[in-house]
Protein chains: 2
Amino acid sequence: MLSSIKRFLIGRPLKSTALGDQKLNKTKALAILSSDALSSVAYGPEQILIVLITVGAAAFWYSIPIAIGVLILLMALILSYRQIIFAYPHGGGAYVVSKNNLGVNPGLIAGGSLLVDYILTVAVSVSAGTDAITSAFPSLHSYNVVIAIIFVILLTILNLRGVTESASVLAYPVYLFVLALFILIGVGVYKILTGEVSPDLHASIGTPVAGISLFILLRAFASGSSALTGVEAISNAIPNFKNPAPNNAAKTLIAMGSLLAVLFTGIVFLAYYLSIVPSAEVTVVSQIAEEIFGRSFMYFFIQGTTALILILAANTGYSAFPLLAVNLAKDKFIPRAFTIRGDRLGYSNGIIILGLASIILIIAFGGHTENLIPLYAVGVFIPFTLSQTGMIVKWIREKPKGWMMKLTINSIGALISFIVTMIFFLTKFTQVWAVLIFLPIIIVIFHRIRKHYEAVGDQLRITTCEPILPIEGNIIIVPVAGITHVVENSLNYAKSLSAHQVIAVYVSFEREDEKKFEEKWKKWQPDVRLVTLNSYYRSIIQPLTKFVDTVEHKARESNYKVTVIIPQFIPKKGWHNILHNQSSLLIKAYLLYRRNVVVATVPYHLKK
Amino acid sequence: MLSSIKRFLIGRPLKSTALGDQKLNKTKALAILSSDALSSVAYGPEQILIVLITVGAAAFWYSIPIAIGVLILLMALILSYRQIIFAYPHGGGAYVVSKNNLGVNPGLIAGGSLLVDYILTVAVSVSAGTDAITSAFPSLHSYNVVIAIIFVILLTILNLRGVTESASVLAYPVYLFVLALFILIGVGVYKILTGEVSPDLHASIGTPVAGISLFILLRAFASGSSALTGVEAISNAIPNFKNPAPNNAAKTLIAMGSLLAVLFTGIVFLAYYLSIVPSAEVTVVSQIAEEIFGRSFMYFFIQGTTALILILAANTGYSAFPLLAVNLAKDKFIPRAFTIRGDRLGYSNGIIILGLASIILIIAFGGHTENLIPLYAVGVFIPFTLSQTGMIVKWIREKPKGWMMKLTINSIGALISFIVTMIFFLTKFTQVWAVLIFLPIIIVIFHRIRKHYEAVGDQLRITTCEPILPIEGNIIIVPVAGITHVVENSLNYAKSLSAHQVIAVYVSFEREDEKKFEEKWKKWQPDVRLVTLNSYYRSIIQPLTKFVDTVEHKARESNYKVTVIIPQFIPKKGWHNILHNQSSLLIKAYLLYRRNVVVATVPYHLKK
């Protein structure tokens, strides 16, 4: 039953050879890899204004130079990442670049922060999208957490179904959002040029503003640059592109950068020109849309696609997290399970872990994940800085053709990213200090995991040709709980393995019971030796283990092996299991993990 | 590590022979078994007034006749249950009485409603107690759910430590509460008699009230009788009493009834005389206490002990649920696991399930469990009615000495309980309809469980003396994942069982890999046959199962048994397990549950 539910949700398994069909063309890739970056224009400009309003509405003209600063940063990042794509066509982004050029630990810092960051992406975006929806339907407000969780589950299922399938579903909302904003900006600019929209009174650029400080401006810049989170996603996901993957990825990256630049500039300009004041109730984009279209269809279209893309922004996390996890897992820093492709050829374990982790975050923060945004932005700019720095080292070391130009681009990128990171720590320390604690912990865990894998590898590897001693014989212990067909079945099997070395063990809770059972046994199985053990504490495991220890100790002396055979009846239906004490499971686990004996289960299948 | 935490929380295991020491004397029994009933005087009188206020404060005098009605009901119930205690000295209360006299299904209705009811008791009482505490410290209000859950966990641990231990801890608050209310009532009556407290203007008894209807009065009566929930607890818990158990239980019951009567009457009288008007913010008891003592120490003492006893009322559920579960489990209507005594001789599974179920209820209702109260009251009065009716049948059938008197007592009890049940359905149908859906479902589940147990018993029982065919020989299949010490170890064991019938199976995901592996194998283990299987869908289980099926089919023809030996390395530390794919677990479970082969695990213990 479970497997048919799985089949229904995920789809039928795909052959490994179908991997090529699961690759993305540029249109689809743009949709699923840039939703995070594009969605941020819905809140990035607002973040700038929220900082400036602390000084006064007169300071709003600063949003224009700040936006230009963000655009420069964007351009630097896009050009740098374009170079990374060609230099590392197998993907891996910041982790691979930093590891290869700066060393293992910088790599792990980049990888670790991105790994956590993608989880934050999912939690933050889905919560934000849910907020947008429940703002429209206030009666749903108290179900925020549940709705957000349902969205995460839907995204998880969609991604488990496979990359192309999710791309097809997700492409429409992304392009609709882009279309909606293009119309908004186009009509807005047109109406302003034709004088149809009355230009509100806004301080002209250059007006001196009392109380403005560098600190405020830097803070506004940092807030604005949180709109750039997500631009690294494409460089992580190159293996998902159709061939030639690097070229396609680079083109997609440029397209995304251009879209982002146009939309960001447009929104900042309209907000400034229309003198929009950020408010707690209505978003900046919503105010602009209302000013230009009134409460018409277009207004609701813009609001609707915005809510949608906020949720879909989470999908960037789903695209990038599993691929980053594969890279870390291949290097043995996280569990190997992340490298396994699921039924639909996606890295299902990564997808599932991402979904679970973000659900936990959503529950832990009761759906109020907005406080995580600065943390999340820092978690992006740290790997930005590291990967650009890595590229600088690479160019200096390799000096390929035209390396001076490449070096310059990455140096600018590294410098700005570093400055932004510092600005975050300086202006928002109370919100981002956690990074300084979690990152070291994560890196220690990475190293411990790798150490364990290496230790296991060493122990499993066969280095000498020396054969191990053959086993001289087997002693079979069969714990029995009564005189039943299940026990009969197991004894029959035990005798077939080693006719003269079978010992049945009965654990009794009362002395009288013991005697009675011994008599019955003598009649039933006179040729099988029975040992009865009394348990004062009503535990079966303890006396049994003690007995097994004694037998095993003796057996080892003559190179005999001890096998414990557990009789077990298998009910016809799965739910029946909860009706039976699962002591056999406990006994099996206990003996297997604590003792050096073979544990065998002889199933007796019930027919009704 | 886990086991030492358990030891710390629960205490060291007790020998089965220590059972007698765990029995209760009357003082302790009264404390832990009557906390539910006694705590209800903290809200019962208020419930009456809340209904009457819908007509007007002039109607408050009706609380006196209604209270008299409740007292009559209480007396009838106490006398009836006293008879039940002597008639069924082994406990079981409503379930056993109804089953033995009215038949299985009435018994299950009584048992099922009580089972659910005890869960509701815990959830409702703990939530109410938590509310009382957070009302005093409003800053804690948003942590209501968490605090309630912590209380449930504490109660669960306390009960897992054992009956006497929990009784010692819980006795003080219960007696302090009784003491506090006695002082309140005593001082109150004294002050009224001496005229120290000015008698407020209250309508004298018999004043005609406009708008009063039978419906309202019945509703008020039903609300007031919800204060009687919990009186059946003693009759369920007779096995927990010291010998002579029935006599001690009967005396405890009478003591509880008397206390309850005095406290209930006292509170109703004071509320009427002082013209207390129920309000959403302050409880009736709190108003009375303030009127009499002002905001003095006594006021806070009364408030504190009231909050405490509301939480401890949950403990009645913990005393009665496991014992009722044992009775149902012995009759095979619920899983057998409920009959197992834990380390400290309590029925731990019942205690744990009760704790878990009530935590789930608390979370599901976000701590607002007050809407469950009517449901909970109905769930008590249904078994009240059934058990009294059962007693009627018993007396008529057996006609012991003085049976007419006994019959009369139980008939009155049955009649009043039945009327109260009907009143609940008539006046609060919107809150209690769920009973009509859940009870039938529960009863169907009970029957299905019993049917399953009987089917299993039939299949396990050895009825003929005909011996089963001995197994002719064994074929051993060893799935291998590589050339390692783990595999070497397992092959060595396999050869010791059946030197010539060992087949190693390798599942490859790529054709090339297959060839390479075969060559390596030939050099390493030339005498063990290797079968390689290719898996297109990256599943190990499917090709392996198919192969096992083929082998098993052939083997069965010549009465050979197939054993699958799973090589497994056991990491040194528990947490290491998450770093390794648990495919061996999956394979084992799959083969064991779906196929008729023996599954053996050969552990290879890692040393670092």
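Residues numbered from 1 in each chain as written. Chains lettered and ligands numbered in written order. Predicted model: local features only at pLDDT ≥ 70, side-chain atom pairs only at ≥ 80, totals over all residues. Heavy atoms only, no water.

**Student:** What exactly am I supposed to notice about the overall build of chain A here?
**Tutor:** The number of helices and strands found in chain A is 22 helices and five strands. Structurally, chain A occupies a C-alpha span of about 105 × 60 × 45 Å along its principal axes. Residue burial in chain A is summarised as follows: out of 608 residues, 56% are buried. On chain A, roughly 26600 Å² of surface is accessible, and the fraction owed to carbon and sulfur atoms is 65%. (Helix = DSSP H or I, 4+ residues; strand = E, 2+ residues; numbered from the N terminus. Buried < 20%, exposed > 50% of the residue type's maximum accessible area, 1.4 Å probe, protein only. Areas by Shrake-Rupley, 256 points an atom, 1.4 Å probe, with all protein chains shown as cover.)

**Student:** What is the right way to look at the interface of chain B and chain A in this model?
**Tutor:** Size of an interface: often given as the accessible area lost when the parts come together. On the side of chain A, 75 residues touch chain B, which itself brings 75 residues to the contact. Across the chain B/chain A interface, buried area totals approximately 6500 Å², and carbon plus sulfur atoms make up 59% of it. The interface formed by chain B and chain A contains zero salt bridges. Broken down by secondary-structure element, the contributors of at least two residues to the side of chain B that touches chain A are α18 (434-460), α19 (485-497), β4 (560-570), α22 (583-594) and β5 (598-605) of chain B. Grouping the constituent residues of the side of chain B that touches chain A by class yields 39 nonpolar, 19 polar and 17 charged. (Contact = heavy atoms within 4.5 Å. Buried area = accessible area lost by both parts, 1.4 Å probe. Salt bridge = Lys/Arg side-chain N within 4 Å of Asp/Glu carboxyl O. Nonpolar A, V, L, I, M, F, W, Y, C, P; charged D, E, K, R; others polar.)

**Student:** Any chance you could explain the pairing of strand β2 (residues 502-508) of chain B here in plain terms?
**Tutor:** Within a regular strand, side chains alternate between the sheet's two faces. All names here are of chain B. A large share of β2 lies buried, amounting to seven of its seven residues. Here β2 shows a buried face lined by Val502, Ala504, Tyr506 and Ser508 and a second buried face lined by Ile503, Val505 and Val507. The sheet contact formed by strand β1 (residues 473-480) and β2 spans five bridges and is parallel. Looking across to β2, one finds that Ile477 is bridged to Ile503. (Pairing = 2+ DSSP bridges.)

**Student:** Can you walk me through the pattern of salt bridges in this structure?
**Tutor:** Any two side chains of opposite charge can pair if their charged atoms end up close together. Residue and element names in this part refer to chain A. According to the stated counting rule, one finds 16 salt bridges over all chains in the structure shown. For Lys99, the salt bridge is made with Asp331, and the minimal N-O distance between the two is 2.5 Å. Placement of the pair is Lys99 in helix α5 (residues 93-102) and Asp331 in the loop between α13 (297-330) and α14 (348-364), with a sequence separation of 232 residues. One salt bridge in this structure joins Arg595 and Asp549, with 2.6 Å as the shortest N-O distance. Here the residue Arg595 occupies a position in the loop between α22 (583-594) and β5 (598-605), and Asp549 occupies one in helix α21 (residues 541-557), the gap between them amounting to 46 residues. For Asp549, a relative accessible area of 29% gives the class partly exposed.

**Student:** Just to check I follow, could you spell out the packing of helix α5 (residues 93-102) of chain B against helix α15 (residues 373-398) of chain B for this structure?
**Tutor:** Residues and elements named next belong to chain B. Closest axis-to-axis distance for the α5/α15 pair is 8 Å, and the angle between their directions is 45°. One finds that α5 runs oblique with respect to α15. α15 is crossed by α5, and the crossing has left-handed handedness. Each of Ala94, Val97, Ser98, Asn100, Asn101 and Leu102 in α5 lies in contact with α15, whose residues at this interface are Pro383, Leu386, Ser387, Thr389, Gly390, Met391, Val393, Lys394 and Arg397. Residue composition of the contact of α5 with α15, grouped by class: seven nonpolar, six polar and two charged. (Axes fitted to C-alpha atoms, helices over the stretch in contact; angles between N-to-C directions. Parallel < 35°, antiparallel > 145°, perpendicular 65-115°, else oblique. Left-handed = near helix turned anticlockwise from the far one by under 90°.)

**Student:** What exactly am I supposed to notice about the relation of the copies chain B and chain A here?
**Tutor:** Here the second copy of the chain follows from the first by a rotation about an axis and a shift along it. With an RMSD of 0.2 Å, the operation that places chain B on chain A is a rotation of 179° combined with a shift of 0.1 Å along the axis. A rotation of that kind, with that shift, is consistent with a two-fold axis. Nearest to the rotation axis, the C-alpha of Ala600 of chain B is located 1.9 Å from it, this being the minimum over chain B. Mapped onto chain A, 100% of the interface residues of chain B again fall at the interface, so both copies present the same surface. (Least-squares fit on C-alpha atoms with pLDDT ≥ 70 in both.)

**Student:** Mind showing me how you'd approach the sheet that holds β5 of chain B here?
**Tutor:** The strands making up a sheet are joined through hydrogen bonds of the backbone, oriented either antiparallel or parallel. Spatial ordering of the open sheet is given by β3(A)-β2(A)-β1(A)-β4(A)-β5(A)-β5(B)-β4(B)-β1(B)-β2(B)-β3(B), a layout of ten strands whose pairing is mixed. The strands lining the two open edges of the sheet, one partner per strand, are β3 (529-534) of chain A together with β3 (529-534) of chain B. With strand direction ignored, the average angle separating the axes of adjacent strands in the sheet is 25°. As paired strands, β5 of chain A and β5 of chain B are joined by three bridges and run antiparallel to one another. By the bridge assignment for β5 of chain B, Ala600 of chain A is matched with Ala600 of chain B. Contacts between helix α20 (residues 511-524) of chain A and the sheet are confined to β1 (473-480), β2 (502-508) and β3 of chain A, with β3 of chain A contributing the most and set at about 170° to the helix. Against the sheet, α22 of chain B engages β4 (560-570) and β5 of chain A together with β4 and β5 of chain B, with an angle of about 160° to β4 of chain B.

**Student:** Is there a simple way to think about the packing of aromatic side chains in this case?
**Tutor:** Residues and elements named next belong to chain A. Summed over the entire model, instances satisfying the criterion amount to 22 aromatic pairs over all chains. For the pair Phe381 and Phe384, a centre-to-centre distance of 5.0 Å together with 80° between the ring planes defines the contact as edge-to-face. Of the two residues, Phe381 and Phe384 both sit in helix α15 (residues 373-398), three residues apart, roughly one turn of that helix. Comparing Phe381 with Phe384, the two get one shared label, buried. Site record: aromatic cluster; members linked through ring pairs are Tyr81, Phe381, Phe384 and Phe424. Here the guanidinium or amino end of Lys399 rests over the ring plane of Trp403, the centre of that ring lying 5.4 Å away. (Phe/Tyr/Trp six-rings, centres within 6.5 Å; stacked < 30°, edge-to-face > 60°. Lys NZ or Arg CZ within 6 Å of the ring centre and 35° of its normal.)

**Student:** What am I meant to see in a positive patch on the surface here?
**Tutor:** Where like charges cluster on the molecular surface, the positive patch consists of Arg448 and Lys451 of chain A together with Lys572 and Lys573 of chain B. With respect to the helices, strands and loops of the structure, Lys451 of chain A is situated in helix α18 (residues 434-460). Accessibility expressed as a relative area gives 64% for Lys451 of chain A, which makes it exposed. (Patch = residues over 30% accessible without salt bridge, like charges linked within 9 Å, V, L, I, M, F, W, Y side chains within 5 Å. Lys, Arg positive; Asp, Glu negative; His and termini not counted. Charge placed at Lys NZ, Arg CZ, Asp CG, Glu CD.)

**Student:** In this structure, what is going on with the side chain of Ser387 of chain A? I would like to understand it.
**Tutor:** Tracing the chain through its elements places Ser387 of chain A in helix α15. If we skip the residues at most four places from it in the chain, Ser387 of chain A touches Tyr81, Ile84, Ala94, Val97 and Ser98 of chain A.

**Student:** Can you help me understand the packing of α15 of chain A against α18 of chain A in this one?
**Tutor:** Packed helices, taken two at a time, are described by their axes: the angle between them and the distance between them. Residue and element names in this part refer to chain A. Following both chains from N to C, one finds α15 and α18 inclined at 55°, their axes separated by 11 Å at the closest point. Considered as vectors, α15 and α18 are oriented oblique to each other. For the element pair α15 and α18, the recorded crossing hand is right-handed. Each of Leu375, Val378 and Ile382 in α15 lies in contact with α18, whose residues at this interface are Ala434, Val435 and Leu439.

The values are spatial; any link to function lies outside them.
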